[in-house]
Amino acid sequence: MKRSRLGARFLDAGAPSIRMGDWEIPARIGTSQEDYAAIRFQAGILDLSHRTTLRIAGSNRLKFLQGILTNDANTLEPGRGLYAAILSPKGKMQADVTVYAVDDWLWADAEAEVAGTLPPILTRYTIGTDATVGDLSLTHGVIGVYGPAAADTLALAFKGWVPPTTALAVGALTAFDTQLIVAESGYPAAPGYKLLTPSEALEAVWTSLIEAGAKTGARPVGWDALETVRIEEGRPRYGADMGVENFPPEARIEDRAVSYTKGCYMGQETIARIRTYGHVNRLLVGLLPQTDRPVAQGTKLYHPQITSVLRENKEAGYVTSSTYSPALQRIIAMGYVHRTLETPGTVVTVGDDPSVTATVVALPFAPPSSPLP
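Residues numbered from 1 in each chain as written. Predicted model: local features only at pLDDT ≥ 70, side-chain atom pairs only at ≥ 80, totals over all residues. Heavy atoms only, no water.

(A) Broad picture of the overall build of the chain. Scanning the chain for helices and strands turns up nine helices and 19 strands. Taking 373 residues into account, the globule formula puts the C-alpha radius of gyration at 21 Å, and the chain, at 21 Å, falls close to it. With the C-alpha coordinates of the chain rotated into their principal frame, the extents come out at 65 × 50 × 40 Å. Looking at the chain as a whole, 55% of its 373 residues are labelled buried. A separation threshold of at least 6 residues defines the contact pool for the chain, and within that pool the share at least 24 residues apart is 68%. Accessible area for the chain stands at about 16,100 Å²; split by element, carbon and sulfur atoms hold 51% of it. Here the chain contributes 34 positive and 38 negative side-chain charges, whose respective centroids are spaced 4 Å apart. (Helix = DSSP H or I, 4+ residues; strand = E, 2+ residues; numbered from the N terminus. Rg over C-alpha atoms; globule rule 2.2 N^0.38 Å. Buried < 20%, exposed > 50% of the residue type's maximum accessible area, 1.4 Å probe, protein only. Contact = heavy atoms within 4.5 Å. Areas by Shrake-Rupley, 256 points an atom, 1.4 Å probe, with all protein chains shown as cover. Lys, Arg positive; Asp, Glu negative; His and termini not counted. Charge placed at Lys NZ, Arg CZ, Asp CG, Glu CD.)

(B) Inspection of the environment of Val-295 at higher detail. Turning to its location among the elements, Val-295 is positioned in the loop between β14 (282-289) and β15 (300-302). Each C-alpha atom, one on Val-295 and one on Gly-213, is 34 Å from the other, the two residues being 82 residues apart in sequence. Residues contacting Val-295, with those up to four places away along its chain left out, are Pro-289, Val-319, Ser-322 and Val-350.

(C) The arrangement of the pairing of strand β11 (residues 178-184) in detail. Of all the seven residues making up β11, six are buried; the element is thus mostly covered by neighbouring parts of the structure. Pairing between strand β10 (residues 170-175) and β11: six bridges, direction antiparallel. By the bridge assignment for β11, Val-170 is matched with Ala-183. Taking the residues between adjacent antiparallel strands as the criterion, β10 and β11 are bridged by two residues, where Phe-176 takes a positive phi near 55°. Sheet topology note: the β11/strand β12 (residues 192-198) ladder contains four bridges and is antiparallel. Looking at the pairing, Val-182 lines up with Leu-195 of β12. (Pairing = 2+ DSSP bridges.)

By themselves, these are just geometric observations and shouldn't be taken as functional.
Shown next as structure tokens:
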């Protein structure tokens, strides 16, 4: 299993770990409460080098992406970013990706789970074009800074850096005799920034952020805290809440990820047909389980009105993510339910024990920087 240079120092010191794709990463740096409070009320500094990072170059790079992304790649002027999905010909999700336009090339940032599948998918469609796809993870790492003090921490660590005023903005800065690419993350905590950093400068950049954090309240945190904030804010993550079995409208990301005015792209006919003539049969919702521990991913949900000829107790949905929410002081979850059950207040049974129920609620559970009760 892979370890990043930054993550290894915490893992070797005894930090608990989790697996993301082929990577072992720290789950926590401090206590759960300390890590969570840093992101919510100050800033958390994370090693995100496990993410899939690609460089797309060539004179046809935008034309190439326009035929693949669900969103409009023609809006990608230097300094701007775009969130989109990549679909199969049948409209199912193969990945979601944020693409940032950096001068004469593009930085594509995606989840660790697609590291083995996304590069071949993209490369297959470069045939006959001038576009090229390269793996940035071989030469770079990514550091994330999330929370209310994130911008102040970056500005203190890197003199002359000015926070962007638009979502998914991206720019370059020079530090430690190298170029860093700094992008507004857009996900999952606001404000949040990602720093694409050459491998040889990772230690220096990390140290600079930690030193700045001593003055702004920012501190190193693990993955669990970021996941908790993500779930509280109701933001689906590919590999957890969406995958190859989902259409974008099921995960409710079409308002951010899909353009209905651009030209053709892979899977577009299915998405257009869903919008014009029909509906999806399941939708992502928030769930408030009546339990004192997180619900396992994949746990089945049941409801009396969801039956079939063969089974009286047919599955009504399933859980995708669950955590303890410090903001709500209770267990929360996200999952898919049949479209007839999406109305807030609907009660479903969780798993095989009929005494364990969950109430459907609208997302998000908690807004960014929500105070603790």
